[in-house]
Amino acid sequence: MSLLKETLLIFTDLDGTLLDIHTYDWRPAAPWLDKLQDHQIPVILCSSKTAAETLEIQQDLGLEGLPFIAENGAVIQLDVRWDDHPNAPRLINGTPHSEIRSLIDPIRERSGYKFTTFDDVDERVIGEWTGLNRERSALARLHEASITLIWRDSDERMAQFESELEQLGLKFVQGARFWHILDARGGKDQAVNWLIDEYRKREGFVPTTIGLGDGPNDAPLLDNVDYAVVVKGINRRGIQLQEDIPERVYHTTQPGPEGWREGLDHFLSASRHTT
């Protein structure tokens, strides 16, 4: 039976997965986005971007009102229909951004770690780093529960910094291009499982789930779904999954939205799942 005829949730990373890593183009994925919308299958964005950015991208993609996961799981936007939920419209999952800053600034000053956060620069610099326009660059600075940075120090110093963060209840997460600091209790895995449980309680079903991602920070997402698509990415470390078997995981030959389309072709094509 086709997964399109079952109760399905799609969780997807953005940069380098659904969006081209350089141009942010998503048009190669448009046919599947349209088909999923026709079947009323939620596409839940799950990335390191801020909630403010993700709301804009939802509009671009025609996904308004659906839940999404921002800041690597530190922020969870609820389905617009769940307005009676005590956490509506958005759950901040852990230590707020301002508190994380107050913890890491003294560490940087004391130990001299070399890194540059999005708080250290203006929209123009973020635009140079990301290729985003000024408006979207401003949205990229509106962190609610994490910090995004460029690491400019050695690997040895990174290990030392990561150890200090762990002692403070924080974790250091590598994305496709940037590093992120957030509460150790949060993460894409925790956020995905929280939303799956909410769908089960509110919609009355146990969903089948597909996840798509391209960077190391997507491993927790891909480890916690039924089927995983590893989109060909630019990160030299790749993605290490706990159960990387062909029945569950597909590695694409194409990057970005072309790979996104390829992965859904693999798992959702009628010929593969028709009995």
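Residue positions are given per chain, counting from 1 as you read along its sequence in written order. A pLDDT threshold of at least 70 governs which residues receive local features in this predicted model, and a stricter bar of 80 or more applies before side-chain atom pairs are shown or counted, although totals over entire chains, interfaces and linings include all residues. Heavy atoms throughout the structure, all of them, feed into the side-chain values; hydrogens and water do not.

Looking at an unreviewed UniProt entry, the protein carries the name Mannosyl-3-phosphoglycerate phosphatase-related protein, with the source organism given as Lelliottia wanjuensis.

## Structural notes on the overall build of the protein
Numbering of helices and strands starts at the N terminus; helices are DSSP runs of H or I of at least 4 residues and strands are runs of E of at least 2. For the protein, the helix and strand inventory stands at ten helices and twelve strands. The globule rule is 2.2 Å times the number of residues to the power 0.38, and the radius of gyration it is compared with is taken over C-alpha atoms. In terms of overall dimensions, the protein is globule-like: its C-alpha atoms have a radius of gyration of 18 Å, near the 19 Å expected for 275 residues. Two residues form a contact once any of their heavy atoms are found within 4.5 Å. The long-range share in the protein, meaning contacts at least 24 apart out of those at least 6 apart in sequence, stands at 60%. To be clear on the numbers: accessible area is Shrake-Rupley with a 1.4 Å probe, and residue cover counts the displayed protein chains and nothing else. As displayed, the protein offers around 12,300 Å² of accessible surface, 46% of which is attributable to carbon and sulfur atoms. Charge-centre separation for the protein: the mean point of 29 positive side chains lies 2 Å from the mean point of 46 negative side chains. Charge assignment: positive for Lys and Arg, negative for Asp and Glu; neither His nor the chain ends contribute. Taken as the charge centre is NZ of Lys, CZ of Arg, CG of Asp or CD of Glu, depending on the residue.

## Things to note about the pairing of strand 9 (residues 179–183)
Burial of strand 9 is extensive: five of the five residues sit out of reach of the surface. When DSSP locates at least two bridges between a pair of strands, those strands are taken to pair. Where strand 7 (residues 146–151) meets strand 9, four bridges bridge the pair, whose relative direction is antiparallel. Directly across from Leu149, in strand 9, lies its bridge partner Trp179. When strand 8 (residues 170–174) meets strand 9, the two strands line up antiparallel, connected through five bridges. Burial classes follow relative accessibility: with a 1.4 Å probe on protein chains only, a residue under 20% of its type's maximum area counts as buried, one over 50% as exposed, and anything between as partly exposed.

## Topic: the pattern of salt bridges
What counts as a salt bridge is simple: a side-chain nitrogen of Lys or Arg found within 4 Å of a carboxyl oxygen of Asp or Glu. Here the structure, examined in full by the defined rule, presents 27 salt bridges. The closest approach of N and O atoms between Arg248 and Glu243, which form a salt bridge, is 4.0 Å. In this structure, a network of salt bridges that share partners links the residues Asp84, Asp197, Glu198, Arg200, Lys201 and Arg202.

## Notes on the packing of helix 1 (residues 30–38) against helix 9 (residues 256–268)
The axes are straight lines fitted to the C-alpha atoms, using for helices just the contacting stretch, and the angles between their N-to-C directions are given from 0 to 180°. Put simply, helix 1 and helix 9 touch, their axes get as near as 9 Å, and they point 45 degrees apart. In terms of their interaxial angle, helix 1 and helix 9 are classed as oblique. Facing Trp32, Leu33 and Leu36 of helix 1, the residues of helix 9 in contact are Trp260, Arg261, Leu264, Asp265 and Leu268. Throughout this entry, Asp, Glu, Lys and Arg are counted as charged residues, while Ala, Val, Leu, Ile, Met, Phe, Trp, Tyr, Cys and Pro are counted as nonpolar. The remaining residues, Gly among them, count as polar. Tallied by class, residues from the contact of helix 1 with helix 9 come to six nonpolar, no polar and two charged. Should an angle fall under 35 degrees it is called roughly parallel, over 145 degrees roughly antiparallel, and 65 to 115 degrees roughly perpendicular, with every other angle called oblique.

## Structural notes on the packing of aromatic side chains
Aromatic pairing here means that ring centres of Phe, Tyr or Trp (its six-membered ring) are within 6.5 Å. Orientation follows from the plane angle: under 30 degrees is stacked, over 60 is edge-to-face, and everything else is tilted. One pass over the full model with this rule turns up 14 aromatic pairs. Measuring from centroid to centroid gives 5.9 Å for Trp151 and Phe172, while their planes differ by 70 degrees, and the two rings are edge-to-face. Remark: Phe172 occurs in strand 8 and Trp151 occurs in strand 7; sequence separation between them is 21 residues. Both residues of the pair, Trp151 and Phe172, count as buried. Relative to Phe172, the ring of Phe161 lies with its centre 5.3 Å away and its plane at 85 degrees, an arrangement referred to as edge-to-face. Here Phe161 is found in helix 6 (residues 155–167), whereas its partner Phe172 is found in strand 8, with eleven residues between them in sequence. Each of the two residues, Phe161 as well as Phe172, counts as buried. Each member of the aromatic cluster is reached from another via a ring pair, and the members are Tyr113, Phe115, Trp151, Phe161, Phe172 and Trp179.

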